[in-house]
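# Results of the structural survey
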Amino acid sequence: MRIITFGTFDVFHVGHVNILERAKLHGSHLIVGVSSDALNFSKKNRYPIYNEKDRLHIIRSLRDVDEVFIEESLELKADYIKYFNADILIMGDDWQGKFDHLKGLCDVIYLPRTPSVSTTEIIEVVKSSII
Ligand code: C2G
């Protein structure tokens, strides 16, 4: 089975490792779309702390990851699924229901997020400890 997942993976943390490890358990080939800096800016009005080249490099280096690419647009999921011939799309359950319209193309599975860790929170903690 070929698995595809997407994310920013900024300030890489254990929640990111957990979802990638659990995604890999559903198949034999894990493909990860790492969202571009421009996509992040358009969504959150700020650039990630780590640029897309470094985020791609980090994700590519992981044992469970077989293939990586830059996700240029949230609207292109169907094209990426077809291009990479994915059997299952896996996302964290903060995206619950958001990709159900892709169920004609592949299976869609939402996995529970790891509690109590997020990039936003890490940035806030670092900011407040500097001041
Ligand atoms: N995640 C998790 N547990 C956390 C934090 C994140 O399981 N504590 C999961 C998210 O649910 C997501 C993946 O890790 O499936 C990547 O999270 P983000 O980097 O926050 O990605 P996001 O900005 O949600 O993705 O097409 C989606 C876009 O690429 C954006």
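All of the points below concern the structure found in this document. (Residues numbered from 1 in each chain as written. Predicted model: local features only at pLDDT ≥ 70, side-chain atom pairs only at ≥ 80, totals over all residues. Heavy atoms only, no water.)

### Quick word on helix H3 (residues 52–60)
Among all positions of H3, only Arg55, Leu56 and Ile59 are buried. Taken around the axis of H3, the buried residues stretch over an arc of 100 degrees, which confines them to a single face. Those residues of H3 that are exposed and angled more than 90 degrees off the buried face are Lys53 and His57. Turning to H3, the residues buried within the fold contact helix H1 (14–24), strand S2 (29–35), helix H2 (37–44) and strand S3 (67–71). For H3, the N-terminal capping position is held by Asn51, with its side-chain oxygen 3.0 Å away from the main-chain nitrogen of Lys53. (Buried < 20%, exposed > 50% of the residue type's maximum accessible area, 1.4 Å probe, protein only. Helix = DSSP H or I, 4+ residues; strand = E, 2+ residues; numbered from the N terminus. Arc of directions from axis to C-beta. Contact = heavy atoms within 4.5 Å. Polar contact = N/O pair within 3.5 Å; in protein donor to acceptor, adjacent residues only side chain to side chain.)

### What to know about the environment of Leu74
Following the sequence through the fold, Leu74 ends up in the loop between S3 and helix H4 (77–83). The class for Leu74 is partly exposed, based on a relative accessible area of 27%. Counting along the chain gives 44 residues from Leu74 to Leu30, while the straight-line C-alpha distance between them is 19 Å. Among residues more than four places away in sequence, those in contact with Leu74 are Leu39 and Lys43.

### Regarding the packing of aromatic side chains
Across all of its chains, the model carries 7 aromatic pairs by this definition. With a centroid separation of 5.9 Å and 45 degrees between ring planes, the pair formed by Phe6 and Tyr80 is classed as tilted. Of this pair, Phe6 sits in strand S1 (residues 2–7) while Tyr80 sits in helix H4, and the two are 74 residues apart along the sequence. Accessibility expressed as a relative area gives 5% for Phe6, which makes it buried. Overall, Tyr80 belongs to the buried group, its relative accessible area being 11%. (Phe/Tyr/Trp six-rings, centres within 6.5 Å; stacked < 30°, edge-to-face > 60°.)

These figures come from the coordinates and say nothing about function on their own.
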